[in-house]
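# What the coordinates show
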Amino acid sequence: MSEYHKPDASYLQELRDIANKLRIHSVKSTSASSSGHPTSCASMAEMMSVLFFHTMRYKVSAPRDASSDRFILSKGHAAPILYAAWAEAGLFSQDDLLNLRKIDNDLEGHPTPRLNFVDVATGSLGQGLSVACGMAYVGKYYDKASYRTYCLIGDGESAEGSIWEALSFAGIKKLNNLVAIFDINRLGQSEPTAFQHEMDVYRARLASFGFNALVVDGHDVEALCKAFHEAAQTKDKPTAILAKTYKGRGFPAIEDEENWHGKPLGGKAEEVIAHVQSQIKNAGPNNLVPQKPLHSDAPEVDISGIKLATPNYEKGSKVATRQAYGTALAKLAASNPRVVALDGDTKNSTFSNAMLKADPKRYIECFIAEQNLVGVGIGVACRDRTVAFVSTFAAFFTRAFDQLRMGAISQTNLNCVGSHAGVSIGEDGPSQMALEDIAMFRSIPTATVFYPSDAVSTERACELAANTPGICFIRTSRPGTAVIYDNNHKFELGKAHVVKSSGSDKVLVIGAAITLREAQTAADQLKQDGINVRIMDLFTIKPIDKNAIISNAKECGGRIIVVEDHYPEGGIGEAVMSAVAMERDIIVKQLAVPRVPRSGKCDELLDMFGISASCVVKAAKEIVQI
């Protein structure tokens, strides 16, 4: 363990000066935009100074260099001081800080990866630490590199449960390359925080989660230097630096006062700037410059062009698509050493446990904490270090919708696999049935939504997802469904597949997985009554194959029936209706789960909630009369 050497007085003064320069930048930029959070910036100025000009090792010329330390500002509303730190470091002109929040500038109100020094978007509070955990996990267990991860968290956001999920994860996984920094400035948005400056309460809680918990004066640069040094020497646990600070530090008549959250200083700005300026000894260029990484030891990684070995199924055999996902995951892992799997203690149901057999080191157990599961997944995928597959019951992704929403803003590449979709899961009942998941993922702007109907298409969906930017969602089913595709069948994004047709079809029936099976059964019954129907498998709900739907519908007299194991709102039916909305002479009848379901056997539930073969038969007979 290296000994701590106290920096000399001039060095410490330089750090204080930089902190005050950061305060001034924050006041000026928020005044220029007439909006922002200067007091939230002021409380963390010394921490940013010490981090960016003493502790962290990074390349200003390449902010996302693989071997550089990572920094996540979880309290994203303090973005002005993050921008100020990078400007002081020399990445861009300090004059640009005055363009904060302007529509033609990427210095947005909260950080987003439009900026090359931001890995993930923050601002929806409580999410940064999970992402930091994922980045630290990769650094320690996959890259085996020297870089460290720092996450700065507001005391107000520490009320979020996702913070405590992340703390638990970090402690269990012994992420000694992670430092969680809490800016405990006592004041929230509308009133004081729950524990204000009860530092012993914070210390006890963090220690109980397996952290090396250090309480420091957050405005004492020497104390911060020492704390970060101790964090770097801690070998068996992550470190939490609990910094006692004051909101609006150094702002006369504003420091530690309520009702200044999220407000520029207005008429007080010039007075505050003059006061802070008077505290600066060196008003010229910084004598301290960012330090580059000591070691460029992060390995080169290539996650492009991941291939899947050809599926091997017998047509007609019954295989659950969730099981096929496990098979595909193991194959992808064999294809590329950077394919990893994460789950939330459902691995023996989602079949992500296939990764444990392929390579147990590439399976990350996140336990029953879905917000952290998705957040860690986003972190693991950062800087293109891995191809991450995150799985759980599809219903439980709803718990992490905010993480997914922020993931889209973060330009993240994350593959989500949700099993146990719809009433077809049977006796477990409605709490386990995903009936809103398609709607949820369709609403995410960067999402691709796969709904494979058999084992072959499931494996190909996984291969496509591994190579598709953005958030991918693969919906898998609990019951076995018959293999309907040849093993070498070609699948593409946004391309549907007609699985049954004739020259005299009167209705186009669109289904998926279990409802595709019901549609096929219905087609056999309808044929006996002289009604031929065409059956289409969309494969991807988003993007949807608009041209195929329209052309096939017109060949079937303009009649479409959609049958889906999902609520009507936002599901396949509404996607199809959107696709044909501007077409004349096409009508759509939607069969979906119309109300909250209940426990029962699969076939009983399909019939009770209107999506069984007999319901398709009835609907077809009605629609051909129109």
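Please read all numbers here as calculations on a predicted model, not as lab measurements. (Residues numbered from 1 in each chain as written. Predicted model: local features only at pLDDT ≥ 70, side-chain atom pairs only at ≥ 80, totals over all residues. Heavy atoms only, no water.)

Turning our attention to the sheet that holds strand β11 (residues 447-450). Spatial ordering of the open sheet is given by β8-β7-β9-β10-β12-β11-β17, a layout of seven strands whose pairing is mixed. The open sheet terminates on both sides in strands that have one partner only, identified here as β8 (363-365) and β17 (540-542). Neighbour to neighbour, the strand axes of the sheet diverge by 20 degrees on average, direction disregarded. Examined bridge by bridge, β11 and strand β12 (residues 471-475) share four bridges and lie parallel to one another. (Pairing = 2+ DSSP bridges. Helix = DSSP H or I, 4+ residues; strand = E, 2+ residues; numbered from the N terminus. Axes fitted to C-alpha atoms, helices over the stretch in contact; angles between N-to-C directions.)

Mapped onto the elements, G573 comes out in helix α19 (residues 572-579). Sequence separation between G573 and L125 is 448 residues, and the spatial gap between their C-alpha atoms is 34 Å. Beyond its immediate sequence surroundings of up to four residues, G573 is in contact with V562, E564 and Q590. (Contact = heavy atoms within 4.5 Å.)

With that settled, consider the sheet that holds strand β15 (residues 505-511). With respect to topology, five strands assemble into an open sheet ordered β14-β16-β15-β18-β19, the strand pairing being mixed. Two strands lie at the open edges of the sheet, namely β14 (497-500) and β19 (587-591), each paired on one side alone. The mean inter-strand angle of the sheet, taken between neighbouring strand axes irrespective of direction, is 30 degrees. Sitting on the sheet, helix α17 (residues 514-528) touches β14, β15, β16 (532-537) and β18 (559-563), and the angle it makes with β16 is about 165 degrees.

This paragraph deals with the environment of G250. Looking at where G250 falls in the secondary structure, it is placed in the loop between β5 (239-244) and α9 (269-278). A relative accessible area of 22% places G250 in the partly exposed class. As a C-alpha pair, G250 and A613 span 363 residues in sequence and 72 Å in three-dimensional space. Look past the residues within four positions of G250 in its chain and what remains in contact with it is E255, H275 and V276. (Buried < 20%, exposed > 50% of the residue type's maximum accessible area, 1.4 Å probe, protein only.)

Turning to helix α4 (residues 79-89), a few remarks are in order. With 11 of its 11 residues buried, α4 lies for the most part within the structure. Inspection of α4 places A79, P80, I81, L82, Y83, A84, A85, W86, A87, E88 and A89 among the buried residues, and these make up the whole buried set. Elements in contact with the buried residues of α4: α1 (9-33), α2 (38-42), α3 (45-55) and β1 (70-73). Phi for G90, located one or two positions after α4, is positive at around 105 degrees.

Attention now goes to the pattern of salt bridges. On inspection of all chains with the given rule, the structure shows 27 salt bridges. The salt bridge partner of E555 is R534, with a shortest N-O separation of 2.5 Å. One end of the pair, E555, is in helix α18 (residues 546-555); the other, R534, is in strand β16, with 21 residues separating them in the sequence. The closest approach of N and O atoms between E622 and K589, which form a salt bridge, is 3.6 Å. Of the two residues, E622 sits in helix α21 (residues 613-623) while K589 sits in strand β19, which places them 33 residues apart along the sequence. Because the salt bridges share partners, they merge into one network encompassing D143, R338 and R385. (Salt bridge = Lys/Arg side-chain N within 4 Å of Asp/Glu carboxyl O.)

Before going further, it helps to spend a moment on the side chain of T39. Inspection of the secondary structure assignment puts T39 in helix α2. Looking at T39, its side chain comes within polar contact range of the main-chain oxygen of W260, at 3.2 Å. Beyond its immediate chain neighbours, meaning those up to four positions away, T39 contacts K247, G248, F251, I254, W260, H261 and L265. (Polar contact = N/O pair within 3.5 Å; in protein donor to acceptor, adjacent residues only side chain to side chain.)

For the rest of this paragraph, the subject is the packing of aromatic side chains. Under the definition given, this model contains 21 aromatic pairs. Between F52 and F71, the aromatic rings sit 5.4 Å apart at their centres with planes inclined by 75 degrees, giving edge-to-face as the arrangement. Of this pair, F52 sits in helix α3 while F71 sits in strand β1, and the two are 19 residues apart along the sequence. Its end group placed over the ring of Y147, R70 keeps NZ or CZ at 3.6 Å from the ring centre. (Phe/Tyr/Trp six-rings, centres within 6.5 Å; stacked < 30°, edge-to-face > 60°. Lys NZ or Arg CZ within 6 Å of the ring centre and 35° of its normal.)

Let us look at the packing of α1 against α4. It is at 9 Å that the axes of α1 and α4 come closest, and there the two elements cross at 120 degrees. Classified by the angle between their axes, α1 and α4 sit oblique to one another. Between α1 and α4 lies a crossing whose hand is right-handed. For the pair α1 and α4, contact is made by K21, L22, H25, S26, S29 and T30 and by P80, I81, A84, A85 and E88, respectively. In terms of residue class, the contact of α1 with α4 is made up of five nonpolar, four polar and two charged. (Parallel < 35°, antiparallel > 145°, perpendicular 65-115°, else oblique. Left-handed = near helix turned anticlockwise from the far one by under 90°. Nonpolar A, V, L, I, M, F, W, Y, C, P; charged D, E, K, R; others polar.)

Counting buried residues along strand β2 (residues 149-154), six of its six residues qualify, which places the element largely inside the surrounding structure. Judged by which residues are buried, β2 turns out to be covered on both faces: T149, C151 and I153 on one side and Y150, L152 and G154 on the other are all buried. Bridge count for β1 against β2 is four bridges, and the pairing is parallel. Directly across from F71, in β2, lies its bridge partner Y150.

Glancing now at helix α14 (residues 401-409). Taken as a whole, α14 has its buried residues at Q403, L404, M406, G407 and A408. Tucked into the core, α14 has its buried residues touching α6 (161-172), α13 (370-381), β10 (414-419), α15 (437-442) and β12. Just beyond α14, the residue with positive phi is Q411, at close to 60 degrees.

Our next topic: the nonpolar core. Of all hydrophobic cores here, the largest spans 88 residues; its most connected members are L129, F182, L342, F441, I510, I560 and I572. What I560 contacts, discounting residues up to four positions off in sequence, is L508, I510, I549, A553, V576, V580, I586, I587, V588, K589 and I623. (Core = buried A, V, L, I, M, F, W, Y, C linked by side-chain atoms within 4.5 Å.)

To continue, consider the environment of Q94. Within the secondary structure, Q94 is located in the loop between α4 and α5 (128-142). Through-space distance from the C-alpha of Q94 to that of S29 is 10.0 Å; in sequence the pair is 65 residues apart. Every residue in contact with Q94, bar those within four places of it in the chain, is listed here: H25, A87 and E88.

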